[in-house]
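Below, each chain spelled out in residue letters.
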Amino acid sequence: MIVLGIDTSCDDTSVAVLEDRKILSNVVSSQIKFHSKYGGIVPEIASRKHIECIWDVTEKAINEANLTMKDIELIAVCHGPGLIGSLLVGLCFAKALSYASRKSLIGVNHLEGHIQAIFLEKLYPDFPFLTLIVSGGHTSLYRVDDFGKYKELGRTRDDAAGEAYDKVAKMLGVGYPGGPVIDSMANEGNPEKFNLPRPYLHGSLDFSFSGLKTAVKLLLKNLGYEEGKVPDDVKKDISAAFQCCVIDVLIEKIKWAASMEKLKRVVITGGVAANSELRKRAKMIEGLEIYLPSKSLCTDNAAMIAVAGYHRFLRGEKSDLYLNARAYLPL
Ligand code: ATP
Ligand code: FE
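Each residue is numbered by its place in its chain's sequence as written, counting from 1. Throughout, the order in which chains and ligands are written sets their labels, letters from A for the former and numbers from 1 for the latter. Local features in a predicted model are, by the rule used here, given only for residues with pLDDT of at least 70; side-chain atom pairs are given and counted only at 80 or more, and totals for whole chains, interfaces and linings are based on all residues.

Asker: Got a minute to help me understand the UniProt feature "binding site: Fe cation" (unreviewed entry) in the protein in this structure?
Answerer: UniProt positions are given in the numbering used here, feature names are shortened, and annotations may be inferred rather than shown by experiment. Under the UniProt annotation, the feature "binding site: Fe cation" (unreviewed entry) is placed at His110, His114 and Asp300. A maximum C-alpha distance of 8.8 Å is found for the annotated residues, which run over 191 residues; spatially they form one tight group. What counts as a helix is a DSSP run of H or I of at least four residues, what counts as a strand is a run of E of at least two, and both are numbered from the N terminus. Tracing the chain through its elements places His110 in helix α4 (residues 110-116). Here, residues touch in the contact sense if the C-beta positions derived from the backbone fall within 7 Å of one another. Not counting the four nearest positions on each side in its chain, His110 is found in contact with Ser9, Cys78, Gly80, Pro81 and Gly82. Mapped onto the fold, Asp300 is located in the loop between α10 (295-298) and α11 (303-314). Any residue whose C-beta has 12 or fewer other C-beta atoms within 10 Å is treated as exposed, any with 20 or more as buried, and any in between as partly exposed, C-beta atoms being built from the backbone. Given 28 C-beta atoms within a 10 Å radius, Asp300 is considered buried. Ignoring any residue separated from it by four or fewer positions in sequence, one finds Asp300 in contact with Asp7, Ser9, Cys10, Asp12 and Ser14.

Printed below as a string of structure tokens:
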């Protein structure tokens, strides 16, 4: 089955074409250059940029797949959670395409897309498995018993890990998005130079990263540096110390959750799962099988939406033109 996937949940316009689970094309048009000077996403700019490029990105995806619109059999679109204005652009576009071309439409939860990104890889786990979604807006643990069967075990009570990366990057003055920059600076820093808190929340599978972010802010103040004006060696050491705390907590919670749920297979996904240190340390966890989507499938992309839509369609699900966008949409 040929599936067209569309994701415009945040700042990337992405369209992909799959043949069942095989990726024929996965085009991601990034808006980073329009948002970076603001140190974060400006929702109004994001929706306007989606409108400007959605048609070109779709044509590119279909051309790269060497197909035409006639070949598409299913349109899978992300309808939440995300920025409402951004979601509406992708959703209205998908509905119009579905109506005009008489192709089936299926709405997909963005988080389900992140989880199912692993099914685009050659190596994927059998059910049941544990998933950590660690991204710009979420840090959540789920037990996954089957396609569509997700049980939340824990979530962040404040900032998501990716959000903490982005905010710390802003304090260090290294631009947006912060994850990839902190990832590479941390490699050159000493994680033991500064002592930052590890928010374990003992006894809970929830997370909390806002205290860690505030600790970095206080550290900079105590060291006498103005935010955004920090010497390179200090940036590297703070990046290493901050990253070490985040990863220690993520790894520990994966172990707790796996042991509580008696699960051996673990999928780590979402933008922060592209982090090189997290990937390295996760693979070293003894007694657990760790599955990581390739880096480009960890961050937002439409192939993950297409594969989740494909599995929903196989279960007999379909959406109609009343499908609505939702900023908040639990799995
Ligand atoms: P959500 O999926 O929760 O709705 P989102 O779609 O905005 O949020 P993603 O695209 O999945 O988030 O991930 C983006 C986040 O991942 C950003 O916060 C970014 O800083 C972070 N990130 C990307 N690469 C890395 C990396 N190498 N190390 C750490 N964080 C990273
Ligand atoms: Fe995402």
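Now that the structure is up, let's keep going.
Asker: How do you make sense of the domain arrangement of the protein when you look at a structure like this?
Answerer: By a frequent convention, interface size equals the accessible area lost on bringing the separate parts together. Either an automatic procedure or a domain database provided the assignment from which the domain bounds are taken. Taken domain by domain, the protein holds domain 1 (2-117 + 298-314) and domain 2 (126-292). With 14 residues of domain 1 in contact, the opposing surface of domain 2 contributes 20 residues. Mapped onto the side of domain 1 that touches domain 2, the elements with two or more residues apiece are α1 (32-35), α4 and α11. Looking at the side of domain 1 that touches domain 2 element by element, the count peaks at three residues for α4. In the side of domain 1 that touches domain 2, the residues fall into six nonpolar, seven polar and one charged. Note on residue classes: Ala, Val, Leu, Ile, Met, Phe, Trp, Tyr, Cys and Pro are nonpolar, Asp, Glu, Lys and Arg are charged, and everything else, Gly too, is polar.

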